[in-house]
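Tertiary structure, described
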Amino acid sequence: TLLFCVKAQYEFPTEFEFGVATASYQIEGAWNDGGKGENIWDRMTHQRPDLIDDGSTGDHACLSYYKTDEDVGLLTDLGVDFYRFSISWSRILPNGHANQINQEGIDYYNELINRLIAARITPFVTMFHWDLPQPLQEIGGWPNPFLADIFVDYANILYKEFGDRVTDWITFNEPLVICEQGYSTAGKAPAYTQDGIGGYLCAHTLLIAHGKAYRLYYRDYFEEQKGRVGITLDSRMYMPADEESQEDLDATERAFQFVLGWYANPIFSKEEIMKSRIEAQSQEEGFLSSRLPSFTDEEIQIIRGSADFLGLNHYTSEYCTTLTGSEDVPRPSHSADIDAFRYQSPDWESSGSVWLKVYPEGLRKLLVWIKQRYNNPEIMITENGFSDRTGTLADCRRVNYFNSYLEQVLLAIHEDEVNVTRYAAWSFMDNFEWRRGYTERFGIYYVDFEDDDKPRTPKMSAFVFKNIMQTRGID
Ligand code: GBH
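Not measured: the values here are computed from a predicted model.

With an omega of 5°, the peptide bond running from Ala189 to Pro190 counts as cis. Here Pro190 is to be found in the loop between helix 8 (175-184) and helix 9 (198-225). Backbone torsion omega between Trp426 and Ser427 reads 10°, so that peptide bond is classified as cis. Even without being glycine, Ala61 reaches a positive phi, approximately 45°. Tracing the chain through its elements places Ala61 in the loop between helix 2 (40-47) and helix 3 (68-78).

Spelled out as structure tokens, the structure:
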């Protein structure tokens, strides 16, 4: 007898959409042109170049502010269904407040949006990808609860100006990074170090801001514009070091709850595990009340259910086990509250970023975890990608990364019936990689930052990605 082993060759469903992603500060440049105000990344890169690996800034970045035509041309060549970009708050509102609107900023995004639509590319817009107007930092930034309403005023202007053509909105990109790295561990601007306190206050404002921006859309715009509003959260896949160990399983659960659950629970579920843990920790530390502020009933109503889809940024995974006691974890801190030791397997392929190790199965496992925990929400993968330090055009390792991660997306769709509807590669082009400056490159287009004109060249990954979109499958 003959045995035929036919490996099912899954395809991406016809409705499944592909795109590439960027963020305003990382690509636009023109930091003080076109009426734009100063934001916290302008301020930090100018005043503290020592915090950026190569001492660089996003002053010029990829000059995308001046290259709308060229960039949309490249996106058209590539054949994407959508383009995920972010709007620079200080380009629209130079001082952060709605009293002074910068028409040049509105014109710039109108031009970009109109050209995309003319090329049949859906604009997928992030309202906030980390570049807070500096004047809003001067009043405390996100830990100041008044920022929620100030953000909603900004969101209102975006719906009003662009909502007739933009129907896919993301309020925030990665609140975890905004709050944890911005206010607790100094990994991102404004680089504050109020660990265990600043991050929680930031998240409190941010969740209310998100919820109110969502409600505003449904109150004033949905009927006419018929769009949808979501949020983008970042998470690694967390796995127990030893699957048989209850302690490791608990540590894994805590990692999930304090990273993804921190933001996903209030919006997508009723779980509130962080509350009791931080309350207990705070008490031990001598605080008179929990370091985690609580929401009023009215705020809970606003936040619960306030997303039409879950945007997911995923790059890598981690194993979790208990802290051995020898680690020096400061208190109070988010890490001490999590109380889990997280690490990556030395067997996983490395990249140009210390934190990014390749473990494709993690993406499928995470998608299934989200489906189960959050009642099968629509998931859009809003970022996934691979870095190197050379920028080589023969970027075989990036090609392998996309192939293997997308294979896992196919399995999640076809074998686990996860409702994942979009995939965006990070990134469209090499860009200003935050505190890593220009030392790490994620682009599928190479950018020559030495050249004043910042020319773009497709890497091998751009051709492979194009082929995947065209054939709806992986070679
Ligand atoms: C994304 O975040 C961002 O949205 C995007 O702007 C960025 O360019 C892209 O990643 C690539 O980095 O150095 O150990 O402190 C992904 C989630 C969270 C990954 C913060 C890097 C820093 C880890 N990021 N993390 S560490």
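What sets the pattern is the α-helix's 3.6 residues per turn: residues three or four places apart point alike. Residues of helix 3 that are buried include every one of Thr68, Asp71, Val72, Leu74, Leu75 and Leu78, and no others. Burial along helix 3 is one-sided: seen end-on, the buried residues are contained in an arc of 155°. Of the surrounding secondary structure, the elements contacted by the buried residues of helix 3 are strand 1 (17-21), strand 2 (82-86), helix 5 (103-118), strand 12 (445-447), strand 13 (456-458) and helix 17 (460-471). Once helix 3 ends, the next one or two residues include Gly79, with phi positive near 85°.

This next bit is on the sheet that holds strand 6 (residues 237-240). Strand order in the open sheet formed by three strands is 6-8-9, with mixed pairing between adjacent strands. Two strands close off the open sheet at either side, each with one partner strand: strand 6 and strand 9 (341-343). Taken over all neighbouring pairs, the strand axes of this sheet differ in orientation by 35° on average, direction set aside. Taken together, the three bridges between strand 8 (residues 317-321) and strand 9 define a ladder with antiparallel strand orientation. Looking at the pairing, Tyr319 lines up with Tyr343 of strand 9. Across the sheet, helix 10 (residues 246-259) lies against strand 6, strand 8 and strand 9, angled at about 165° from strand 6, the strand it touches most.

Attention now goes to the pattern of salt bridges. If you walk through the whole model with that rule in mind, you get 37 salt bridges. Residues Arg331 and Glu284 are paired through a salt bridge, measuring 3.2 Å at the closest nitrogen-oxygen approach. In this pair, Arg331 is assigned in the loop between strand 8 and helix 14 (334-338) and Glu284 in helix 12 (residues 273-284), connecting sequence segments 47 residues apart. Among the charged side chains, a network of salt bridges with common partners joins Glu17, Asp168, Arg228, Glu378 and Arg422.

So, about the site of the ligand. Around the ligand sit 17 residues, and of these Gln26, His129, Glu174, Glu433 and Trp434 come closest. Between the ligand and Gln26 there is a distance of 2.8 Å, counted from an oxygen atom to a side-chain nitrogen or oxygen. Between an oxygen atom of the ligand and a side-chain N or O atom of Glu433, the distance comes to 2.5 Å. In the complex, 81% of the free accessible area of the ligand, which totals 580 Å², lies under the protein chains. Here the ligand is seated within the largest pocket. For the shell around the ligand, the per-class residue count stands at seven nonpolar, five polar and five charged.

So, on to the nonpolar core. Core analysis: the largest hydrophobic core is formed by 150 residues, its most contacted members being Trp142 and Phe151. When residues of this core are assigned to their parent elements, the largest contribution, 12 residues, is made by helix 9.

Moving on to the layout of surface pockets. When its volume is computed, the largest pocket comes out at roughly 1,100 Å³. Lining the largest pocket we find 38 residues, and of these Val177, Gln181, Asp234, Arg236 and Trp355 sit closest to its centre. Of all the secondary-structure elements, those providing two or more residues to the lining of the largest pocket are helix 8 and helix 14. The element best represented in the lining of the largest pocket is helix 8, accounting for four residues. Around the second largest pocket, the lining comprises 24 residues; the ones closest to its centre are Pro266, Glu272, Lys275, Leu292 and Phe295. Looking at the lining of the second largest pocket, the elements with two or more residues in it are helix 9, helix 11 (261-268), helix 12 and helix 13 (297-303). Along the lines of polarity and charge, the residues of the lining of the second largest pocket split into 12 nonpolar, six polar and six charged.

Let's shift gears to the packing of helix 5 against helix 7 (residues 147-162). For any two helices packed against each other, one specifies the inter-axial angle together with the distance between the axes. Closest axis-to-axis distance for the helix 5/helix 7 pair is 11 Å, and the angle between their directions is 50°. It follows from the interaxial angle that helix 5 and helix 7 lie oblique. For the pair helix 5 and helix 7, the crossing hand works out as right-handed. Between helix 5 and helix 7, the contacting residues are Ile106, Tyr109, Asn110 and Ile113 on the first element and Ile157, Glu161 and Phe162 on the second. Of the residues belonging to the contact of helix 5 with helix 7, the class tally is five nonpolar, one polar and one charged.

A few words now on the packing of aromatic side chains. Applying the stated criterion across every chain yields a total of 59 aromatic pairs. Measuring from ring centre to ring centre gives 5.6 Å for Tyr183 and Tyr192, while their planes differ by 75°; the resulting arrangement is edge-to-face. A relative accessible area of 35% means that Tyr192 is categorised as partly exposed. Grouped by ring-pair contacts, the aromatic residues Phe12, Phe16, Phe18, Phe386, Tyr401, Phe402, Tyr405, Tyr423 and Phe465 constitute a single cluster. Its end group placed over the ring of Tyr65, Arg91 keeps NZ or CZ at 4.1 Å from the ring centre. Here the basic side chain of Arg422 rests over the ring of Phe82, its NZ or CZ set 4.8 Å away from the ring centre.

About the criteria used
Residues numbered from 1 in each chain as written. Predicted model: local features only at pLDDT ≥ 70, side-chain atom pairs only at ≥ 80, totals over all residues. Heavy atoms only, no water. Helix = DSSP H or I, 4+ residues; strand = E, 2+ residues; numbered from the N terminus. Buried < 20%, exposed > 50% of the residue type's maximum accessible area, 1.4 Å probe, protein only. Arc of directions from axis to C-beta. Contact = heavy atoms within 4.5 Å. Pairing = 2+ DSSP bridges. Axes fitted to C-alpha atoms, helices over the stretch in contact; angles between N-to-C directions. Salt bridge = Lys/Arg side-chain N within 4 Å of Asp/Glu carboxyl O. Near = heavy atom within 4 Å. Polar contact = N/O pair within 3.5 Å; in protein donor to acceptor, adjacent residues only side chain to side chain. Areas by Shrake-Rupley, 256 points an atom, 1.4 Å probe, with all protein chains shown as cover. 1 Å grid on protein atoms, 1.4 Å probe; cavity = no way out; pocket = protein on both sides within 12 Å on 5 of 7 lines; lining within 4 Å. Sits in = over half its atoms within 2 Å of the grid points. Nonpolar A, V, L, I, M, F, W, Y, C, P; charged D, E, K, R; others polar. Core = buried A, V, L, I, M, F, W, Y, C linked by side-chain atoms within 4.5 Å. Points joined across faces, edges and corners; volume = space filled by probe spheres on them. Parallel < 35°, antiparallel > 145°, perpendicular 65-115°, else oblique. Left-handed = near helix turned anticlockwise from the far one by under 90°. Phe/Tyr/Trp six-rings, centres within 6.5 Å; stacked < 30°, edge-to-face > 60°. Lys NZ or Arg CZ within 6 Å of the ring centre and 35° of its normal.

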